[in-house]
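# Summary of structural features
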Amino acid sequence: MNPGYLNHASYGPPTPEVESTVHQLLAAARRGEPAASLHAVDERARAAVARVTGFAPEGVALSTSTSQGLMTAAAGLRGEVLVSLDEFPANLYPWLRAEQAGRMRVRPLPGSGSAAPLHVTAERVADALTPSTRVLAVSAVDFRTGYRADLGALRKVIGPDRLLVVDGIQNLGAAPNDWTAADVLAVGGQKWLRAGWGTGFLALSPRGLDEVAPVLGGWTGVEHPAAYDGIEHPLLPGAERYSVTSLSPFATGAFATALEQFEAAGPERVADGVRAATASVIAAIDAAGLALLSPRASEERAGIVVAGLPEERAAALHTRLAAAGVTTTLHPGGRIRFSPHAHTPAQTLAELPALLAA
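Below: a short report on this structure. Bear in mind the structure is a predicted one, so any value in this text is a computation, not a measurement.

Now for the packing of aromatic side chains. Enumeration according to the criterion identifies four aromatic pairs in this entry. Centre to centre, the rings of tyrosine 11 and tryptophan 197 are 4.9 Å apart; their planes meet at 35°, and the pair counts as tilted. Linking tyrosine 11 in the segment before helix H1 (16-31) with tryptophan 197 in the loop between strand S6 (184-188) and strand S7 (200-204), this pair joins segments that are 186 residues apart in sequence. Residue classification places tyrosine 11 among the partly exposed residues on the basis of a relative accessible area of 30%. Residue classification places tryptophan 197 among the exposed positions, given a relative accessible area of 59%. The interplanar angle of 80° and the centroid separation of 5.0 Å between the aromatic rings of phenylalanine 88 and phenylalanine 143 together place this pair among those described as edge-to-face. Residue phenylalanine 88 is found in the loop between strand S2 (79-83) and helix H5 (93-100), and its partner phenylalanine 143 is found in the loop between strand S4 (133-139) and helix H7 (151-158); the two are separated by 55 residues along the sequence. Residue classification places phenylalanine 143 among the buried positions, given a relative accessible area of 13%. Joined through ring pairs, the aromatic side chains of Tyr5, Tyr11 and Trp197 make up one cluster.

Here it is as structure tokens:
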């Protein structure tokens, strides 16, 4: 991997072990191995998800992306959802589509959608709640600033009778959070977990399982799916009822391997490494005299650090960084997003101040 790769919030390059897993499964498929043996990796992935999140195994379903998980949740719920307009679009369109289908009402979090995004805090949510609010949808980490939401505080402020739906893709694999505070957690594996595209999961609490109807559930979400008898079969008892179709064993195997690597490395150790790397980026931004648009306190951020410049200067700096082999994301409004991982070389971080100051 390019040692100057500081863009894991966009996608995390798969590890050699993930690559090897995909090759092995492709080779097995090429030999004509039975489909059932290839799909044995599904249970490995589901079990690993349960271990790293704290959700019960029966509350975990595999999916292809965060978006698929959130679409499944939004399609299966009723009532009013409170959501910030500053969310990444993957956590907006499912609710908008559910509203257009007549299943939900979308109420924007007051103050959102402005030029300067506001963080989703327990205080803002508490002020916005009404008796009609049934669901709070939030990203665990804000893609624009790296702010890490306090899921435990949000759970407390909305109370036990409302559902908390969480987009966790920018958080899981980079920093800890109180995952079981959520009733629904949707995560894709292509960013901090480094599993590649087409990987992810949907995890639900017992209440989430009760509340989210399997509106998008397909033929693989029922009992005896291979009994082609033309009648509707009973739903599977757990989260697998939300399954739409058979998933790619190549993607699922990659996901299982990535999760197991994350476990073996130690989530706390990984989080410590990400924390140190982002602190180095913040120090480089400060040394260059650039504006820091991310939280300075380590407990309020995950792996994203954003520098703010006038738009033309930001474009020039982004180009200069790329020419020096440093990969970042340039966002509109003069925002350069850095997202190092625990494995980012110390030499890359040591050279960053000079590159920014230039």
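A few words now on empty space enclosed by the protein. Taken as a whole and judged by the stated rule, the model has two cavities of 30 Å³ or more. The volume enclosed by the largest cavity comes to roughly 60 Å³. Forming the walls of the largest cavity are Arg148, Ala174, Ala175, Pro176, Ala271, Val274, Arg275, Thr278, Ser298, Arg301 and Ala302. Considering only residue class, the lining of the largest cavity consists of six nonpolar, two polar and three charged.

Moving on: the layout of surface pockets. A water-sized probe, rolled over the atoms, reveals where empty space remains. Roughly 520 Å³ of volume is contained in the largest pocket. Along the wall of the largest pocket there are 27 residues; nearest its centre are Asp42, Thr220, Glu240, Ser243 and Thr245. Elements with a contribution of two residues or more to the lining of the largest pocket: helix H2 (35-38), helix H3 (41-53), strand S1 (60-62) and helix H4 (66-75). Top element by residues in the lining of the largest pocket is H3. It accounts for three residues. When grouped by side-chain class, the residues that make up the lining of the largest pocket number 12 nonpolar, 10 polar and five charged.

Attention now goes to H7. Helical geometry note: an α-helix holds 3.6 residues per turn, so side chains three or four residues apart project in the same direction. Within H7, burial applies to Leu151, Leu154, Arg155 and Ile158. Angularly, the buried residues of H7 cover 100° about the axis, an arc narrow enough to put them on a single face. Sitting at the head of H7, aspartate 150 places a side-chain oxygen 3.3 Å from the backbone nitrogen of glycine 152. Following H7 by one or two positions, glycine 159 adopts a phi angle in the positive range, close to 85°.

With that settled, the discussion passes to the pairing of strand S9 (residues 305-308). Looking along a regular strand, one sees side chains alternate from face to face of the sheet. Because side chains alternate across S9, one face comprises the buried residues Val305 and Ala307, and the other comprises Val306 and Gly308, equally buried. The pairing of strand S8 (residues 291-292) with S9 spans two bridges and is antiparallel. Within the sheet, the bridge partner assigned to alanine 291 lies in S9 and is glycine 308. Summarising the sheet, S9 and strand S11 (residues 335-338) pair through four bridges and their orientation is antiparallel. Bridge pairing links valine 306 to arginine 337 in S11.

Turning our attention to the packing of helix H10 (residues 267-287) against helix H12 (residues 346-357). Between H10 and H12, the shortest axis-to-axis distance is 8 Å and the interhelical angle comes to 20°. By the angle between their axes, H10 is roughly parallel relative to H12. Considering the relative orientation of H10 and H12, their crossing is right-handed. Contact residues: Ala277, Ser280, Val281, Ala284 and Ile285 in H10; Leu349, Leu352, Pro353 and Leu356 in H12. When the residues that make up the contact of H10 with H12 are grouped by side-chain class, the tally is eight nonpolar, one polar and no charged.

If you walk through the whole model with that rule in mind, you get 10 salt bridges. Two residues, glutamate 240 and arginine 46, come together in a salt bridge whose shortest N-O distance is 3.8 Å. Placement of glutamate 240 in the loop between helix H8 (206-211) and helix H9 (249-265) and of arginine 46 in helix H3 is noted, with a sequence separation of 194 residues between them. The partner of aspartate 272 in a salt bridge is arginine 275, and the shortest N-O contact between them spans 2.5 Å. Of this pair, aspartate 272 and arginine 275 both sit in helix H10, three residues apart, which is roughly one turn of the helix.

The next thing to look at is the sheet that holds strand S10 (residues 329-331). The strand order across the open sheet formed by four strands is S8-S9-S11-S10, and the pairing between neighbours is antiparallel. Two strands lie at the open edges of the sheet, namely S8 and S10, each paired on one side alone. In terms of strand pairing, S10 meets S11 through three bridges, oriented antiparallel. Among the inter-strand pairings, leucine 330 is bridged to a residue of S11, identified as isoleucine 336. This element, H10, spans S8, S9 and S11 of the sheet and lies at about 10° to S9.

Moving on: the nonpolar core. Within the largest apolar cluster, 53 residues are counted, with the highest numbers of intra-cluster contacts made by Val125, Leu151, Leu154, Val166, Leu185, Phe201 and Phe255. Among the elements that line this core, the one with the most residues is H9, at six residues. The residues contacting phenylalanine 201, other than those within four sequence positions of it, are Val49, Thr53, Ala61, Leu62, Ser63, Leu172, Leu185, Ala186, Val187 and Phe255. If you look at the next biggest cluster of nonpolar residues, it comprises 24 residues, including Ala137, Leu163, Val212 and Ala239.

Each value, and the rule that gives it
Residues numbered from 1 in each chain as written. Predicted model: local features only at pLDDT ≥ 70, side-chain atom pairs only at ≥ 80, totals over all residues. Heavy atoms only, no water. Phe/Tyr/Trp six-rings, centres within 6.5 Å; stacked < 30°, edge-to-face > 60°. Helix = DSSP H or I, 4+ residues; strand = E, 2+ residues; numbered from the N terminus. Buried < 20%, exposed > 50% of the residue type's maximum accessible area, 1.4 Å probe, protein only. 1 Å grid on protein atoms, 1.4 Å probe; cavity = no way out; pocket = protein on both sides within 12 Å on 5 of 7 lines; lining within 4 Å. Points joined across faces, edges and corners; volume = space filled by probe spheres on them. Nonpolar A, V, L, I, M, F, W, Y, C, P; charged D, E, K, R; others polar. Arc of directions from axis to C-beta. Polar contact = N/O pair within 3.5 Å; in protein donor to acceptor, adjacent residues only side chain to side chain. Pairing = 2+ DSSP bridges. Axes fitted to C-alpha atoms, helices over the stretch in contact; angles between N-to-C directions. Parallel < 35°, antiparallel > 145°, perpendicular 65-115°, else oblique. Left-handed = near helix turned anticlockwise from the far one by under 90°. Contact = heavy atoms within 4.5 Å. Salt bridge = Lys/Arg side-chain N within 4 Å of Asp/Glu carboxyl O. Core = buried A, V, L, I, M, F, W, Y, C linked by side-chain atoms within 4.5 Å.

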